[in-house]
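# Chains, contacts and geometry: an overview
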Amino acid sequence: MTLLAHSLTAIETLFGAVGRKRGLPHPLVEKLQRIFVRLPSRMPPEPFQCPHIAGEFIGELSSHIDWHVYFRGAYDEAGLNLIQSTVQNSSRSVAWDIGANVGNHTLFLSRLFEKVYSFEPMPSLINQLRNNVRLNELNNVQIEEYGLADNSGQIPYFSGQNGNVGQGSFVNRTGLPADLELPLKTGDEVFAELDLQHLDFVKIDVEGFEVEVLRGMRNTLNQTRPIVQFEWLSESRDKVSRAELCGLFPERYTLQGSARSRRLIDRLATVAVLRKIPFDYNAEYGNALAIPDELLDCGRP
């Protein structure tokens, strides 16, 4: 049952219901919401509970990710659907959600994989992540309260601005002082600590810190050869050449980018549709992929 936020206008409440239930072409809903719905930065910090495409979700209207859940049913649903189509013919034993934030991807991954490990170092986000996992009674999710990098320890963390807590990062984007220091481990040591035998899928969204995460789990990638979905931004590109980026993955991996489909049938869909495209090192992708060639060789995904 949706707990409506009392400060919403009638038309905002209507667009929340329409956005979550679908039925209209995604570009049209986006355009109308830009006109009639306040941005997260203008919303009051009011709590709500509403349906998520993978369960139920507790959030706050002034948060960027939560706003998308309330008005569209999920954050980056096109990226979530890209995950589902990419892993549909691969093993679905274990997934890592690195940069789990408040649980948008964790909820979705919990429906696809037998076990999900969610990595999030920010205390305020961990609390909401735990609440969303508990609300949905996800017994196959294990929360790890630290981030991943190429070294273990405590380093400065910089919170997101203007309600977008999803942009919090170990990369200083604003020039402002760090808010706090948070713990980090390497993926390789975590894989050993958890005594895992498999790792089938890795999602990395850590706001420009992706290179450090990949450097810290080279042995794990070599041993398990998972599909990796990662954000590729200028902050990461500035740290590695194309050859160095390719070297972060094992041999016989193929990199792919993604872009919104321009086909008319896809533009009429109720959610933005992403298509896989050749990876362009100089571009930026909210959802890039690194796929083992043996999956591609078998016609997957």
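Every value quoted in this text rests on a predicted model; they were computed, and no experiment measured them.

What counts, and where the lines are drawn
Residues numbered from 1 in each chain as written. Predicted model: local features only at pLDDT ≥ 70, side-chain atom pairs only at ≥ 80, totals over all residues. Heavy atoms only, no water. Helix = DSSP H or I, 4+ residues; strand = E, 2+ residues; numbered from the N terminus. Rg over C-alpha atoms; globule rule 2.2 N^0.38 Å. Buried < 20%, exposed > 50% of the residue type's maximum accessible area, 1.4 Å probe, protein only. Contact = heavy atoms within 4.5 Å. Areas by Shrake-Rupley, 256 points an atom, 1.4 Å probe, with all protein chains shown as cover. Lys, Arg positive; Asp, Glu negative; His and termini not counted. Charge placed at Lys NZ, Arg CZ, Asp CG, Glu CD. Phe/Tyr/Trp six-rings, centres within 6.5 Å; stacked < 30°, edge-to-face > 60°. Lys NZ or Arg CZ within 6 Å of the ring centre and 35° of its normal. Pairing = 2+ DSSP bridges. Axes fitted to C-alpha atoms, helices over the stretch in contact; angles between N-to-C directions. Parallel < 35°, antiparallel > 145°, perpendicular 65-115°, else oblique. Nonpolar A, V, L, I, M, F, W, Y, C, P; charged D, E, K, R; others polar. 1 Å grid on protein atoms, 1.4 Å probe; cavity = no way out; pocket = protein on both sides within 12 Å on 5 of 7 lines; lining within 4 Å. Points joined across faces, edges and corners; volume = space filled by probe spheres on them. Left-handed = near helix turned anticlockwise from the far one by under 90°.

Okay, the overall build of the chain next. The helix and strand inventory of the chain stands at 13 helices and 13 strands. Over its C-alpha trace the chain gives a radius of gyration of 19 Å, about what one expects of a compact globule, namely 19 Å for 301 residues. Relative to its full complement of 301 residues, the chain shows a buried share of 53%. If you take every contact in the chain between residues at least 6 apart in sequence, the share linking residues at least 24 apart comes to 70%. When the accessible surface of the chain is split by element, carbon and sulfur atoms take 50% of a total near 13,500 Å². The chain carries 30 positive and 37 negative side-chain charges, and their two centres are separated by 8 Å.

Before going further, it helps to spend a moment on the packing of aromatic side chains. Summed over the entire model, instances satisfying the criterion amount to 14 aromatic pairs. Pairwise contacts between aromatic rings join Phe48, Phe57, Trp67, Tyr70 and Phe71 into one cluster. Over the ring of tyrosine 70 we find arginine 20, and its NZ or CZ is 4.6 Å from the ring centre. The cationic tip of lysine 115 hangs over the ring face of tyrosine 117; the distance from NZ or CZ to the ring centre is 5.6 Å.

Another aspect to go through is the sheet that holds strand β10 (residues 227-232). What the eight strands build is an open sheet, ordered β5-β4-β3-β9-β10-β13-β11-β12; its pairing is mixed. Edge positions in the sheet fall to β5 (141-144) and β12 (274-278), since each has one partner strand and no second. Ignoring strand direction, the axes of neighbouring strands in this sheet form an average angle of 20 degrees. Pairing of strand β11 (residues 253-260) with strand β13 (residues 285-292) involves four bridges; the strand directions are antiparallel. Its bridge partner being in β13, threonine 254 is matched across the sheet by isoleucine 291.

Our next topic: the packing of helix α1 (residues 10-21) against helix α3 (residues 64-72). The interhelical angle for the contact between α1 and α3, taken along N-to-C directions, is 80 degrees, at an axis separation of 6 Å. Taken together, α1 and α3 sit at an angle that is classed as roughly perpendicular. Each of Glu12, Phe15, Gly16, Gly19 and Arg20 in α1 lies in contact with α3, whose residues at this interface are Val69, Tyr70, Phe71 and Arg72. Looking at the contact of α1 with α3, its residues break down into four nonpolar, two polar and three charged.

With that settled, the discussion passes to the sheet that holds strand β8 (residues 180-186). Spatially, the three strands line up as an open sheet ordered β6-β8-β7, and their pairing is mixed. Across the chains shown, the open sheet's two edge strands, defined by having one partner strand only, are β6 (147-149) and β7 (153-157). The average undirected angle you get between the axes of adjacent strands in this sheet is 55 degrees. Bridge analysis of β7 against β8 gives five bridges, and the strand direction is antiparallel. Within the sheet, the bridge partner assigned to isoleucine 155 lies in β8 and is leucine 182.

Estimates place the volume of the second largest pocket at around 220 Å³. As for the second largest pocket, its lining consists of 14 residues, of which Pro27, Arg260, Ser261, Arg267 and Ala272 are closest to the centre. Taken together, the elements giving at least two residues each to the lining of the second largest pocket come down to α2 (26-36) and α12 (264-267). Among the elements that take part in the lining of the second largest pocket, α2 stands out by supplying five residues, more than any other. Among the residues forming the lining of the second largest pocket, the class breakdown is five nonpolar, two polar and seven charged.

One non-glycine residue, asparagine 101, lies in positive phi territory at about 55 degrees. Here asparagine 101 is to be found in the loop between β3 (94-98) and α5 (104-110). Even without glycine at this site, arginine 225 takes up a positive phi of about 50 degrees. Tracing the chain through its elements places arginine 225 in the loop between α9 (218-224) and β10.

One can describe the packing of α1 onto α2 by two numbers: an axis separation of 11 Å at closest approach and a directional angle of 160 degrees. In terms of orientation, α1 and α2 fall into the roughly antiparallel class. Seen from above, α1 lies across α2 with left-handed handedness. Packed against α1, whose contacting residues are Ile11, Glu12, Phe15 and Gly19, the element α2 presents Leu32, Gln33 and Phe36 at the interface. Of the residues assigned to the contact of α1 with α2, the class counts are four nonpolar, two polar and one charged.

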